Amino acid sequence: MTHAIDPADLTLEEKASLVSGADFWHTKGIERVGLPPIMLTDGPHGLRKQAGEADHLGLNASVPATCFPPAAALGSTFDPELAERVGVALGVESVIEDVAVILGPGINIKRSPLCGRNFEYVSEDPIVSGVIGAGLVRGIQSQGVGASVKHFAANNQEDDRMRVSSDIDPRPLREIYLRGFERVVKETQPWTVMCSYNKINGVYASENPWLLTQVLRDEWGFEGLVVSDWGAVNERVPALAAGLDLEMPSSGGETDAQIVAAVRDGRLDESVLDLAARRVLALVAKAGEASPAGAAAPRVLDVDAHHALAREAAGRSIVLLKNDGGVLPLQERESIALIGEFARTPRYQGGGSSHINPTRVDTALDAFRDAAGDRVSFAPGFAFDGSDAEHLREEAVALAARQDVAVLFLGLPDAEESEGFDREHLDLPAAQLELVDAVLAVNPRTVVVLSNGAVVALPFADRVPAIVEGWLLGQAGGSATVDVLTGAVNPSGRLAETIPVRLEDTPAYLGFPGSLGHVRYGEGVFVGYRWYDARKLDVVYPFGHGLSYTSFEYGAPTVAVGEDGDLLVTLTVTNTGSRDGREDVQAYDSLPESIVERAPRELKAFASIRLSAGETREVSLAVRREDLAYWDTRVDRFVVEGGRYRFEVGASSRDIRGTTIVEVAGDDVRLPLTMNSSIAEVLAHPVVGPAVQQQLSGMASLTDGAVGADIMEAGALEKMMASFPIGRLAGFPGMGVDRAQLEQLISAANAPEE
Ligand code: BGC
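Reading the values: the criteria
- Residues numbered from 1 in each chain as written.
- Predicted model: local features only at pLDDT ≥ 70, side-chain atom pairs only at ≥ 80, totals over all residues.
- Heavy atoms only, no water.
- Helix = DSSP H or I, 4+ residues; strand = E, 2+ residues; numbered from the N terminus.
- Rg over C-alpha atoms; globule rule 2.2 N^0.38 Å.
- Buried < 20%, exposed > 50% of the residue type's maximum accessible area, 1.4 Å probe, protein only.
- Areas by Shrake-Rupley, 256 points an atom, 1.4 Å probe, with all protein chains shown as cover.
- Near = heavy atom within 4 Å.
- Polar contact = N/O pair within 3.5 Å; in protein donor to acceptor, adjacent residues only side chain to side chain.
- Nonpolar A, V, L, I, M, F, W, Y, C, P; charged D, E, K, R; others polar.
- Pairing = 2+ DSSP bridges.
- Axes fitted to C-alpha atoms, helices over the stretch in contact; angles between N-to-C directions.
- Parallel < 35°, antiparallel > 145°, perpendicular 65-115°, else oblique.
- Left-handed = near helix turned anticlockwise from the far one by under 90°.
- Contact = heavy atoms within 4.5 Å.
- Expected span 1.5 Å × (residues − 1).
- Right-handed = clockwise from strand over helix to strand, strands pointing away.
- Salt bridge = Lys/Arg side-chain N within 4 Å of Asp/Glu carboxyl O.

Draft legend 1. Examining the overall build of the protein chain more closely. The number of helices and strands found in the protein chain is 22 helices and 27 strands. Radius of gyration (C-alpha) of the protein chain: 29 Å, near the 27 Å computed for a compact globule of 754 residues. The principal-axis extent of the C-alpha atoms belonging to the protein chain is close to 95 × 70 × 50 Å. Residue burial in the protein chain is summarised as follows: out of 754 residues, 60% are buried. Of the roughly 28,800 Å² of accessible surface on the protein chain, a fraction of 51% belongs to carbon and sulfur atoms.

Draft legend 2. Geometry of the site of the ligand. Around the ligand, a shell composed of 15 residues is seen, among which Asp42, Arg117, His151, Tyr197 and Asp229 lie nearest. Measuring from an oxygen atom of the ligand, one finds a side-chain N or O atom of lysine 150 at 2.9 Å. A distance of 2.9 Å is found between an oxygen atom of the ligand and a side-chain nitrogen or oxygen belonging to tyrosine 197. For the ligand, whose free accessible area comes to 310 Å², the fraction covered by protein is 100%. Its residues assigned to classes, the shell around the ligand shows five nonpolar, three polar and seven charged.

Draft legend 3. Just the sheet that holds strand β27 (residues 655–664), in detail. Pairing is antiparallel in the open sheet, where four strands are placed in the order β22-β21-β26-β27. Across the chains shown, the open sheet's two edge strands, defined by having one partner strand only, are β22 (602–611) and β27. Ignoring which end each strand starts from, the neighbouring axes of this sheet average 20° apart. Relative to β27, strand β26 (residues 643–652) runs antiparallel, the two sharing nine bridges. The residue bridging valine 649 from the neighbouring strand is glycine 658, located in β27.

Draft legend 4. Structural detail: the packing of helix α3 (residues 80–96) against helix α11 (residues 303–317). Relative orientation of the contacting elements α3 and α11 amounts to 150°, with a least axis distance of 11 Å. Between α3 and α11, the crossing angle belongs to the class labelled roughly antiparallel. Taken as a pair, α3 and α11 cross one another with a handedness that is left-handed. Of the residues in α11, those touching α3 at Leu82, Arg85, Val86, Ala89, Val92 and Glu93 are His306, Leu309, Glu312, Ala313 and Arg316. For the contact of α3 with α11, the residue count by class is six nonpolar, one polar and four charged.

Draft legend 5. How the structure looks around the sheet that holds strand β6 (residues 199–200). Ordered in space as β7-β6-β4-β16, the four strands form an open sheet in which the pairing is mixed. Of all strands in the sheet, those bounded by a partner on one side alone are β7 (203–204) and β16 (518–520). In terms of strand pairing, β6 meets β7 through two bridges, oriented antiparallel. Its bridge partner being in β7, lysine 199 is matched across the sheet by tyrosine 204.

Draft legend 6. Layout of α11. With 15 residues, α11 extends 21 Å between its outermost C-alpha atoms, agreeing within 8% with the 21 Å of an ideal straight helix rising 1.5 Å per residue. Listed in full, the buried residues belonging to α11 are His306, His307, Leu309, Ala310, Ala313, Ala314, Gly315, Arg316 and Ser317. The elements touched by buried residues of α11 are α2 (71–75), α3, β9 (319–323), α16 (477–486), β21 (581–590) and β22.

Draft legend 7. Spatial organisation of helix α6 (residues 179–188). Within α6, eight of the ten residues are buried, leaving the element largely enclosed by the surrounding structure. Of the positions making up α6, those classed as buried are Arg179, Gly180, Phe181, Glu182, Arg183, Val184, Val185 and Thr188. In this structure, the buried residues of α6 make contact with α4 (126–141), β3 (146–152), α5 (170–177), β5 (192–195), α7 (209–219) and β25 (637–639). Directly after α6, the chain includes glutamine 189, whose backbone phi takes a positive value near 40°.

Draft legend 8. Representation of the pairing of β3. In terms of residue burial, β3 counts as a mostly covered element, since seven of its seven residues are buried. Strand direction decides the pairing type here: strand β2 (residues 101–103) and β3, joined by two bridges, are parallel. Bridge pairing in β3 places valine 101 opposite glycine 146. Regarding topology, α4 serves as the crossover connection from β2 to the parallel β3, and that connection is right-handed. Across three bridges, the pairing between β3 and β5 is parallel.

Draft legend 9. Structural view of unusual backbone geometry. The omega angle of the peptide bond from lysine 150 to histidine 151 is -5°, so this bond is cis rather than trans. Structurally, histidine 151 is set in strand β3. The amide bond that connects phenylalanine 512 to the next residue, proline 513, takes the cis arrangement and shows omega of 0°. Within the element layout of this structure, proline 513 appears in the loop between β15 (499–500) and β16.

Draft legend 10. Focus on the environment of glycine 224. Its place among the elements puts glycine 224 in the loop between α7 and β8 (225–228). Judged by relative accessible area, which is 9%, glycine 224 ranks as buried. It is 9.8 Å that separates the C-alpha atoms of glycine 224 and serine 148, two residues lying 76 residues apart in sequence. Ignoring any residue separated from it by four or fewer positions in sequence, one finds glycine 224 in contact with Gln189, Pro190, Trp191, Arg217, Asp245 and Arg279.

Draft legend 11. Just the pattern of salt bridges, in detail. Taken as a whole, this structure holds 63 salt bridges when the rule is applied. A salt bridge links arginine 117 to glutamate 419, with the nearest nitrogen and oxygen atoms 3.2 Å apart. Of the two residues, arginine 117 is situated in the loop between β2 and α4 and glutamate 419 in the loop between β12 (405–411) and α15 (430–442); the sequence distance between them amounts to 302 residues. Residue arginine 117 is classed as buried on the basis of its relative accessible area of 1%. Of the charged contacts in the structure, one is a salt bridge between glutamate 434 and arginine 393, with a shortest N-O distance of 3.1 Å. A residue pair is termed long-range when its members are at least 10 positions apart, and glutamate 434 in helix α15 and arginine 393 in helix α14 (residues 389–402) qualify at 41 residues. Judged by its relative accessible area of 43%, glutamate 434 falls in the partly exposed class. One network of salt bridges, in which partners are shared, links Glu84, Arg138, Arg179, Glu182, Arg183, Lys186, Glu187, Arg624, Glu626 and Asp627.

Note that all results are geometric; they support no functional claim without further evidence.
The structure is reproduced here in structure tokens:
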């Protein structure tokens, strides 16, 4: 039994051997004590288990597995339960293939739409990322398989990803970039967390004790194992000391020897190695408890059932961006010009380590033919390699002119979007943009369907009557798209990232991807919609946006604070249309009178609700008190500021249907007063503030006396004095306060509470 093995049973060399991989995908076993190796493999939206010789470039094919919608799509479902069901399926496929840990989900924040790996990430918002990420982990781990939440942390670009330092202030780091990870760790105890390649404020994530030990373990209570991203270890011994347990892949024994030497010459305390080795042993034991060898019957992949789930999840991920004049759903008798190579050759996943060998692939062309028979005619419209552009366009335009409606599949080619590099612009290929206008000119009933892993510019948004955001939808994306276009599925996906007007409008535009080894997150907490709203910028489609074939009406929201401090936002929602459908109800908060900079609204809770036509339901959205908190740099912790919070409930961040206000009691942040505390800070102090207030109002000199009456209005003078350090008052003759009095005041303020 593997779980009985203790580091004390092992030699120093054996322990060191445990903390790096045997090869690309396995840990090392130790035969002498009966310890088996286990397999960790990609992830995140399907299993990439290489059958033959392993290699990092994915040159060798992997065993067929279901390719579920990548995170960019799944995030648009706004539905953690659906994410959990996908997680269960990922877990089942891992068990069948004897994989102990699947390397995902990836929950990094989409800081810039240019990040080449955004298709693998959930959202620009930490609550959506955390909630969907937690759903996936719960599902995976329910099957006795470990998840690996990645890439921890602040890995928001591919450019120079193995070295760049993400330079981030404490507030955005905690409130935006770590918040999703914190939720997933606290709620689900993932078996592993994968540390990222990059540095954070100058220190490699892999050798960052603050990140891997203080934050992850001491503050959040993480009990699992930290694994390096593949090749993320810079210096092995400091990495081990920082809390990086398992180095992957193999170092050929080199770093194991470094660890042994460091213990022998006293540079590394052996207990540090013991701790990491114990975590590896615990992981192997957990995997052993659930391995198929112990299962009652061998399990075989139910390809059809998982494909059906992939189709359901893809259908739920699709976002109907625009539908003027009810062009969609397509009508039963309409003849359809299906245009665009993507309809025949779908792009349904991204490039890099997440690339899955699917069990099958649905194309929209086949699915359309099944659904609409010979009402559908196809023209590729363009070629991925750009060849024959004019001829292909002319042929497509001629087809579009003859049919009732044109459905145009556009998107980003594989080569433009992948792990390993970032995009340089947001544009679709020029040939596709030309095609849109040419088709529109002959057929105003044109629908554009997009295939892209991250947002693209939509210069035709006001000309094309219907636009469908299809992301990369996994292997069943083709049929799922046709389900939505024909109305078999009523669209309910929502944008988990804003579609901006121009790249120049995006929050990180001036600071992405950085230079000289550093990228400065200068936009601070104003990431995604927080930025566009604060700057009052127009966007093409806002965060949270997505249409339906039915309509929903919202009742007035109320909000109540529970005994535990958590809040409940409640409202009724009615499906006022004639079709059954889902609505994603979103609750945003703001605190207009805050002491820190805040966005005009921040998503705090959401729910995906299914309502039959005509049905009314009460919807309750739970807001955790801790999600109201800002990171207070004065005390280095999250603080809930007291005040009147405004809660907005809406169908998107810019389609607010109701507002309600609630008074929230703040956390007690008592800072010691000093001679440099401002008069405003002294006045706000709970112990001495009231007395000082009284004294000041009696002090003629401050309001209408000699000091300023001749140069400023009383109100302006008070404002100026608010930021005046109290100690300086002693230096002003005529103020009536001396140093001794101030010292007395400060010590009264700082005296321990009775
Ligand atoms: C990626 C990880 C992946 C690992 C193993 C790395 O390059 O960043 O996401 O899990 O390779 O393939």
